[in-house]
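# Observations on chain architecture
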Protein chains: 2
Amino acid sequence: MNGKTTISQRWLSTMSHFKNHVSPSLTPTIKQWLNRTLEPGSQGAVSGHVKSVRQMKSIQFVDISDGSSPNLLLVVIKKNADDPKLDLRVGQSIHVNGQWALSKGNEQTIELKCTTTDPSSISVIGDVPDSYPMQKKSHSLQFLRTQPTLRHRTNLLSSVLRFRSFVESRFIEYYEEKGFCKVSPPIITSSDCEGAGDMFKIEAPPKGHSEIHHKQGFFGRPTFLTVSTQLHLEVLALSLNRVWTLTPCFRAENSNTNRHLSEFWMLEAEICYVDDVSQLTDFCEDMIRSVTEKIVSSNAATDIMSSRFDKEEVEAMQNRWATILSDKKWPSITYNDACELINLVMYKDEPQNRLSWGESIQTVHEKWLAGEYFRSPIFITDYPVGEKPFYMPKSKNFDREKPTVACFDLIFPEIGELIGGSLREHRYDELVAAMTSRGMNVNDMQWYLSTRENGSVPHGGFGMGFERLIAYLGAVENIKDIIPFPRSPLTCDC
Amino acid sequence: MNGKTTISQRWLSTMSHFKNHVSPSLTPTIKQWLNRTLEPGSQGAVSGHVKSVRQMKSIQFVDISDGSSPNLLLVVIKKNADDPKLDLRVGQSIHVNGQWALSKGNEQTIELKCTTTDPSSISVIGDVPDSYPMQKKSHSLQFLRTQPTLRHRTNLLSSVLRFRSFVESRFIEYYEEKGFCKVSPPIITSSDCEGAGDMFKIEAPPKGHSEIHHKQGFFGRPTFLTVSTQLHLEVLALSLNRVWTLTPCFRAENSNTNRHLSEFWMLEAEICYVDDVSQLTDFCEDMIRSVTEKIVSSNAATDIMSSRFDKEEVEAMQNRWATILSDKKWPSITYNDACELINLVMYKDEPQNRLSWGESIQTVHEKWLAGEYFRSPIFITDYPVGEKPFYMPKSKNFDREKPTVACFDLIFPEIGELIGGSLREHRYDELVAAMTSRGMNVNDMQWYLSTRENGSVPHGGFGMGFERLIAYLGAVENIKDIIPFPRSPLTCDC
């Protein structure tokens, strides 16, 4: 701290008399109404979409939702025979000016009463055609994917998006508490972090702007959408100590599975002064446990649970949270030990299926290890060098015969890999040797290598597919239901 | 709420016995050390980069920083004549195992003492070449832009990134309090939101994957990087009521100014059941005031102020915060009134420069209105229809002779436009007419138009360039210094 701070602090204290006197004039949401103490008989003005209509002789029961919470509001409409006709249908947006009343039903404690005698009491704001597709109480997720602009009006998928938003906020809090700086590494890049080659290429605008039609394109060189922001995060970690990001990443792989997206959000972190993989695995375990604890003790838990009609689905979700919050520390085993377990236990009677050293541990093995053998999230560390990218240093117990690197995957029951991380080789010569031996162009990566020449420090980090985590925590099978407009091969409809 | 919730809540209470027993084993940062109560004589292990070295006969004073805060830690090294040689230089990363002691200097209250007699007491982790460019105490921002991998090691630019991170967290809190859902609209899109045409095109991977070399590319149609997520946000608002996002956006414009980036982050929000522009302007004012209040009462304020050497720069920053937190509500004037002020006051003696109705209000006019005339952030509402995109409805006081739309820009002193927003035309026929009259392809936008056929509701929203806000709040002139790796025409170096 220096002298200026004192002046600044004096100035800051003079600012305390400023008061925010703007009251935003948004109308309350249904959630906000229901969180208030409502006096029966008092007035309420509410808008929302019609979810169901039950017609009696002189009375109509209408459930409406505005998407602010899973809770429906029951509107009770009194009709006299000579009232203006009001044809209410599922999907319409309506506005109700009514009176709060205690509800007689089980499902809510308060309802809104109005009457068609008074035309200002209830009105249709937005109509729907007869073909409005969201009629049934419960549509299949597969059907909902064919309704990209309407599917989030369902209780299930709106809950998933609110849940995702809630979880994201908890990560923000977690990283702020731990002294991390959230950074915004670039999406457009000229480097291929993983060396996998499955990158989307970016082109100059198709027309006009002739002066920027440089022969190497808009940026003067070939540019791509990032597959991982790790290399840029490393640069920033060396300046800011601990950095993280939650940012879109892109893979031009031709996979159309329930675990892959062409565009997804990745949570990545890089931490300086880390020289042991267990520091990273401990950090990841603490992070996911902390966020899950906040979920379990929040309304977000009841919100997402109440979006499921099926009791078994709710229990499956609860079991997943309980698995994370297990009393036992999550097991950590090496690749070598994992192979031994797979070969001796999983493939006890199938010697033909056993893994040789260096072979990949497949998703089926991962699910067996975490889901059946350990029944816990597990870390697998120290994979063979040939299985992993160039930037990982040798394992502490390096074995020339079976060379491994200082890395880990976090494996979850039912879904497999959730996080991949490692120490990063922080020594210049070793890093250049690893790149050269893989035939990489060292010149193109000079900017990255320069960090190893200018006050390099041991560091490590990891990346977590954010949709995969939400899918696990929210017990959703297909990550296309976690992101509002999923992108995959041949799918970019709107 | 329904019966399941009760079961769930019962289950949730049984989860309370789970305790997180993982203690992450990261070593404390300098910020974390300095926030503790340190007993003089107790041991401290600290790593960081050397910022300055002052050499005395038998003692050396070394300032180190690890980027966790603007505060330097003073390391005092005792040397005996026959100790192993230790050549400390600016830029090296070092590790110190020493003893805390009360400092005699003014600039900090505690220092770390060590000695070269004990080789485990202080060591160089990462060396620097003689050419290490970050020697001087204060480099120009222009020079720093030539050092993309090292520039965030300066006090100024690391403070800017920490400040950005802090402000982002406050927005997360603000929107959570206001009942918004944070959503992740797509980056890859087949629609052009603004109709401006300055979009980057995305290509299928350049090699391999022949089976996905569909003649229309990877996604089966031409795809681009989004210029604004508004259209997708509107779809989601109609399901979730209030949504917002902070997401990368892209403009392939050939502008290389201090206010433009090819890749930038945009904060966008869409709010349902809004039918008056003043609801949006009140919301924006409340949002920026609330976040600024949190800045002023936080350590983030002292952090970013202490990063400036120049007292005038600190005062300029304080003046900006005071301008936002003014006791007066921010003025709101129409485009018509703005033109009248510009013509009658600014161009009182320059009739040749006066604006005719329909002409654009330029940045020079905006800066005059907000910076000189009102000395306040101001809203300009109801711009001519020809100045704005297709989705804006007519103004409330629509005048056939001078047709305007229900929109606003938020203009800040010194920087000009910060936010642009509007009501969105929510009536199908009117929206189709607007698109047709502008020669847009209605078929391509059917997904968007469908929201106006299925329970449409009045709504509105806005977009704010996040780097512009941080540049204003942090008193940084060029938004290339707000984002860690700026992208602009011919610039994508690493």
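Keep in mind it's a predicted model, so treat the numbers as computed, not measured. (Residues numbered from 1 in each chain as written. Chains lettered and ligands numbered in written order. Predicted model: local features only at pLDDT ≥ 70, side-chain atom pairs only at ≥ 80, totals over all residues. Heavy atoms only, no water.)

Looking now at the packing of helix α4 (residues 155-177) of chain B against helix α13 (residues 466-473) of chain B. In a pair of packed helices, the angle between the axes and the distance between the axes together describe the arrangement. All names here are of chain B. For the pair α4 and α13, the least separation of the axes is 11 Å and the interaxial angle reads 115°. Judged by the twist between their axes, the crossing of α4 over α13 is right-handed. For the pair formed by α4 and α13, the contact residues are F163, R164, V167, E168 and F171 on the first element and F466, E467, L469, I470 and L473 on the second. Tallied by class, residues from the contact of α4 with α13 come to 7 nonpolar, no polar and 3 charged. (Axes fitted to C-alpha atoms, helices over the stretch in contact; angles between N-to-C directions. Helix = DSSP H or I, 4+ residues; strand = E, 2+ residues; numbered from the N terminus. Left-handed = near helix turned anticlockwise from the far one by under 90°. Contact = heavy atoms within 4.5 Å. Nonpolar A, V, L, I, M, F, W, Y, C, P; charged D, E, K, R; others polar.)

The next point concerns the interface of chain A and chain B. Taken together, the contact between chain A and chain B spans 152 residues of the former and 152 residues of the latter. Together chain A and chain B conceal approximately 13,100 Å² of surface at their shared face, both sides included; 59% is due to carbon and sulfur atoms. The tally of links between chain A and chain B comes to 44 residue pairs in polar contact (both at pLDDT 80 or more). Among the elements that line the side of chain A that touches chain B, the one with the most residues is helix α4 (residues 155-177) of chain A, at 11 residues. Within the side of chain A that touches chain B, the residues separate by chemical class into 65 nonpolar, 54 polar and 33 charged. (Buried area = accessible area lost by both parts, 1.4 Å probe. Polar contact = N/O pair within 3.5 Å; in protein donor to acceptor, adjacent residues only side chain to side chain.)

For these two chains of identical sequence, chain A goes onto chain B by a turn of 180° and a shift of 0.0 Å along the axis, with RMSD 0.0 Å. Overall, the copies show the geometry of a two-fold rotation axis. Across chain A, the rotation axis passes nearest the C-alpha of I202(A), at a separation of 2.4 Å. A shared binding surface is used by both copies, with 100% of the interface residues of chain A retained as interface residues in chain B. (Least-squares fit on C-alpha atoms with pLDDT ≥ 70 in both.)

This part is about the confidence of the model for chain A. Residues and elements named next belong to chain A. Here chain A shows a mean pLDDT of 91. Residues at 70 or above account for 91%. Across residues 1-6 the pLDDT falls below 50, and counting only partners more than four positions away or on other chains, this stretch makes 9 contacts in the model. The ipTM, which scores confidence in the relative placement of chains, is 0.94 for this predicted complex, and the corresponding pTM is 0.94. (pLDDT = per-residue confidence, 0-100.)

What follows covers the pairing of strand β3 (residues 73-78) of chain A. Residue and element names in this part refer to chain A. Extensive coverage of β3 is indicated by the burial of 5 of its 6 residues. In this structure, strand β2 (residues 59-65) lies alongside β3, joined through 6 bridges in antiparallel fashion. Residue V62 lies in a different strand from β3, and its bridge partner there is V75. Looking at chain direction, β3 and strand β5 (residues 110-115) are connected through 5 bridges and run parallel. Paired with V76 across the strands is K113, a residue of β5. (Buried < 20%, exposed > 50% of the residue type's maximum accessible area, 1.4 Å probe, protein only. Pairing = 2+ DSSP bridges.)

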